[in-house]
Amino acid sequence: MSAPGADADALDGVSPTDGGDTNRNRPGEPPTGNSLLGDVRVNFARWNRKALRNPTAFFLEIVAGVFSLVLFATVFGDVSEVALGRVGYGNVAYLTYLLPAVLMQATIGSAFTSGVGLVGDLESGMFEKVLVTPMSWTAVVAGKSLSELTRIVMQLLAVLGLGVAMGATIETGIAGIVGILVVCLLVGLLFMSVANILGILTRDEEALNAATMLFMFPLLFLSPAFIPLSSDLELVAILNPITYGVEAVRALVLGEDTLSVIEVTQFGGLYDTLVPAVAILLALDLLFGALSVRMVSRVSSTAAE
Amino acid sequence: MTDGPTDDGIGDRAPASDGQDAVAAETLALTYPDGTEAVRDVSLSIPRGESFGFLGPNGAGKTTTIKLLSTLLEPTAGTVRVNGFDVSEQPTAVRATVGYMAQEVAVDGELTARENLRFACDAYGVPVGDRAERIDDLLDLVDLADVADTPAERFSGGMKKRLDAATALVHDPQLVFLDEPTTGLDPKARNRLWEYVQRINDRGTTVFLTTQYLAEADELCDRLAVIRDGRIVERGSPRALKRRVGGEVLEVTFEGDSSVHRAAEIARGTDAIASAGSVEIDDGALRIVTERARATAPDLLVALREQGIDVTGIDVRAPSLEDVFFAIADEETAGLANAPDGEDDR
């Protein structure tokens, strides 16, 4: 072994790639590492690559969405249209009414994989390994989240495309589709935060997968996702974040004010739904996002145990 | 292994910190909120290029110390400079100049060996032009070139460990922390990893490793610190630590365990041992440390024979680091270890 203080450069012959001292930092000049955006890109690429390595989950989300669309439209189609007529949606095809629900379902299902990814990293030690790199923690979280949001957008577009191909109509056109995606991503961020919190609490992939179902269907059924809610359930629906996601997407699909649980009139038309719903979703995103970031950083600072 | 300039002498001291040390820690402590003192009053000064070993039993505070030095934990007291940067003030600079391999293997199983290395290159900002060559170089170093494009989840434990070690080196760090690098490896894999650690150190990288394997510390380290209950209880070169034991070790084994206590009495009654040696019973065998082990052995054998005790084996050997633990334990029993810590803890 080399004597203490031996100049590392004298040994460069051993490993030719180290020549030129391109990366070995010298004391006194703090190394800079990547830019923040560079770090985001690095993590974005890692999670994309992992997703590509295991594409089954990705396609299953799409299949599940389409499956729900077909299943609910077939089974409940005729009955539901009667119900729709009763609350003033007589001219709306059930498939069109159903589309926001299925988009929400795909969003929630996909968002929960964020927690699965975190649990995987905690278990494999990659979480700590990333912590000791000079990468900015914000960039690490942002890169992972961006990769997950990208996947959600792709799944949503696939479900949306199939829905339209089956006969659903979107009244607000391309701008409306962009709006629908934005609303879904707000819901996605909320459930990604929830999934990360649950991931840290349980540290168990199986538990997290079970929690996905536990959250998804009760929340969907206790919102006006599949059928207009009876007035008994409106009290529950008002506390259900999915209600606002579904109603905002539905407002964009139908091009009109659809919000039933609270009365807003000052913005006009579909904005009477969109503005309050988006505001509520944003507030929830901030709340749960902050909570999950806090919990993740607490894990990172007590990595010793 | 070339011994460092501070190798000799029992009161082995590292040179005073001059800002050029790879690690300069002063009175480092970590106390958990529940009051557990994981690390207390640890001071270290590790010159660049050294291979330094942190030796201690499970739960002694080895991992906690490594995490304090590599920015994963904030000390509750004391200061640390790593590669000249303050760990609390300039953590990013510290992270950019050190490599870290955790005790538990940490690789992304879904990615191939090459992709794991590529991600590490990206994470540490290795210049783009250097990446491909450096990845190939490291794959060669850890003998994974043949399986470079296989997902890491299909690797054996030893292969994962080697990949883990390689990813800690992508940025050619000045200092690499290896937390029990060979724990859980079979002997063959362990020997190979030893080779890589030596190669890394030969390339000029300072190595800081923790280990419970005494043979490992002896094999790999220029200098050692022995840690127990969060405190450094001993330090020096492996050679100096062995000298500390105070002679050679005479081990005598018996048929059955019943004879050993009687044999210990007889040994203690032997003049040469009684005057300048220590007698312990270790796992059914008699373990005698004395400077005149070779001269004592025949006398002891004769004495045992006369008392009708059958000896099945006798061995005179140089002291191992395990014997260092015994020596420290002996001193503690004798109350010597209660001497103020600051004195020999630097």
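Presented here is an overview of the structure given in this document. (Residues numbered from 1 in each chain as written. Chains lettered and ligands numbered in written order. Predicted model: local features only at pLDDT ≥ 70, side-chain atom pairs only at ≥ 80, totals over all residues. Heavy atoms only, no water.)

Some points on the side chain of S223 of chain A
Residues and elements named next belong to chain A.
- Looking at the secondary structure, you find S223 in the loop between α7 (205-221) and α8 (234-238).
- For S223, a relative accessible area of 2% puts it in the buried group.
- Not counting residues up to four positions away in its chain, the partners in contact with S223 are L229, N240, I242, T243 and V246. (Helix = DSSP H or I, 4+ residues; strand = E, 2+ residues; numbered from the N terminus. Buried < 20%, exposed > 50% of the residue type's maximum accessible area, 1.4 Å probe, protein only. Contact = heavy atoms within 4.5 Å.)

Details of helix α11 (residues 293-306) of chain B
Residue and element names in this part refer to chain B.
- For α11, with 14 residues, the first-to-last C-alpha span of 20 Å sits near the 20 Å given by 1.5 Å per residue.
- Those residues of α11 not exposed but buried are A293, T296, A297, L300, A303 and L304. Down the axis of α11, the buried set is contained in an arc of 140°. They therefore lie on one face. Those residues of α11 that are exposed and angled more than 90 degrees off the buried face are R294, R305 and E306.
- Count one or two residues on from α11 and you reach G308, which has phi positive near 75°. (Expected span 1.5 Å × (residues − 1). Arc of directions from axis to C-beta.)

Some details on the environment of N201 of chain B
- Tracing the sequence through the fold places N201 of chain B in helix α6 (residues 187-202).
- The spatial distance from the C-alpha of N201 of chain B to the C-alpha of Y32 of chain B is 34 Å, given a sequence separation of 169 residues.

Quick word on the sheet that holds strand β6 (residues 98-101) of chain B
Residue and element names in this part refer to chain B.
- As summarised here, the arrangement of the six strands in space is β6-β7-β8-β3-β9-β10, forming an open sheet in which the pairing is mixed. A strand with exactly one partner marks an edge of an open sheet, and here the two such strands are β6 and β10 (231-236). Strand after strand, the sheet turns through a mean of 15° between neighbouring axes, direction not considered.
- By the bridge criterion, five bridges tie strand β9 (residues 223-228) to β10 in an arrangement that is antiparallel. Residue R228 lies in a different strand from β10, and its bridge partner there is R231.
- Here α6 sits on the sheet and contacts β3 (51-55), β6, β7 (175-179) and β8 (206-211); the angle it forms with β8, its principal contact strand, is near 150°. (Pairing = 2+ DSSP bridges. Axes fitted to C-alpha atoms, helices over the stretch in contact; angles between N-to-C directions.)

Remarks on the pattern of salt bridges
- Per the counting criterion, the structure on display carries 22 salt bridges over all chains.
- The salt bridge partner of K50 of chain A is E110 of chain B, with a shortest N-O separation of 2.9 Å. Placement of K50 of chain A in helix α1 (residues 36-53) and of E110 of chain B in the loop between β6 and α3 (113-124) is noted, with the two residues assigned to different chains.
- By relative accessible area, which is 11% here, K50 of chain A ends up buried.
- Judged by its relative accessible area of 22%, E110 of chain B falls in the partly exposed class.
- Among the ionic pairs, K129 of chain A bridges to D164 of chain B, the shortest N-O distance being 2.5 Å. (Salt bridge = Lys/Arg side-chain N within 4 Å of Asp/Glu carboxyl O.)

Looking at unusual backbone geometry
Residue and element names in this part refer to chain B.
- Of note, the phi angle at T27 is positive, near 40°, even though the residue is not glycine.
- With respect to the helices, strands and loops of the structure, T27 is situated in strand β1 (residues 23-31).
- Judged by relative accessible area, which is 37%, T27 ranks as partly exposed.
- With phi around 75°, T71 is a residue other than glycine that occupies positive phi space.
- With respect to the helices and strands, T71 occurs in the loop between α1 (62-69) and β4 (77-82).

Here's the deal with the sheet that holds strand β12 (residues 277-282) of chain B
All names here are of chain B.
- Across the sheet, four strands lie side by side as β12-β13-β11-β14; this open sheet has antiparallel pairing. Each having just a single partner strand, β12 and β14 (311-317) make up the two edges of the open sheet. The sheet shows a mean angle of 15° between the axes of neighbouring strands, taken without regard to direction.
- Where strand β11 (residues 248-254) and strand β13 (residues 285-290) come together, six bridges link them in antiparallel fashion. Counterpart to V249 in the pairing with β13 is V289.
- Here α11 sits on the sheet and contacts β11, β13 and β14; the angle it forms with β11, its principal contact strand, is near 20°.

Details of the packing of helix α2 (residues 55-86) of chain A against helix α3 (residues 94-124) of chain A
Residue and element names in this part refer to chain A.
- In the contact formed by α2 and α3, the axes pass within 8 Å of each other and the chain directions differ by 145°. Crossing hand, α2 versus α3: right-handed. Listed contacts from α3 to E61, A64, G65, S68, L69, F72, A73, F76, G77, S80, E81 and L84 of α2 are Y94, L95, Y97, L98, L99, V102, Q105, A106, G109 and S110.
- Of the residues belonging to the contact of α2 with α3, the class tally is 13 nonpolar, seven polar and two charged. (Left-handed = near helix turned anticlockwise from the far one by under 90°. Nonpolar A, V, L, I, M, F, W, Y, C, P; charged D, E, K, R; others polar.)

Comments concerning the packing of aromatic side chains
- In the structure shown here, the tally under the stated rule is 14 aromatic pairs over all chains.
- Judged by centre distance (4.3 Å) and plane angle (20°), the ring pair of F72 of chain A and F226 of chain A falls under stacked. One end of the pair, F72 of chain A, is in helix α2; the other, F226 of chain A, is in the loop between α7 and α8, and 154 residues separate them in sequence. Comparing F72 of chain A with F226 of chain A shows no difference in burial state: the two are buried.
- Judged by centre distance (5.7 Å) and plane angle (50°), the rings of F112 of chain A and F215 of chain A are tilted. Linking F112 of chain A in helix α3 with F215 of chain A in helix α7, this pair joins segments that are 103 residues apart in sequence.
- Look at F215 of chain A and you get partly exposed, because its relative accessible area is 27%.
- An aromatic cluster is present here, built from F72, F76, F217, F221 and F226 of chain A joined pairwise through their rings.
- Geometry around F119 of chain B places R46 of chain A over its ring, the cationic atom sitting 5.2 Å from the centre.
- Sitting above the plane of the Y97 of chain A ring, R250 of chain A keeps its charged end 3.5 Å from the centroid. (Phe/Tyr/Trp six-rings, centres within 6.5 Å; stacked < 30°, edge-to-face > 60°. Lys NZ or Arg CZ within 6 Å of the ring centre and 35° of its normal.)

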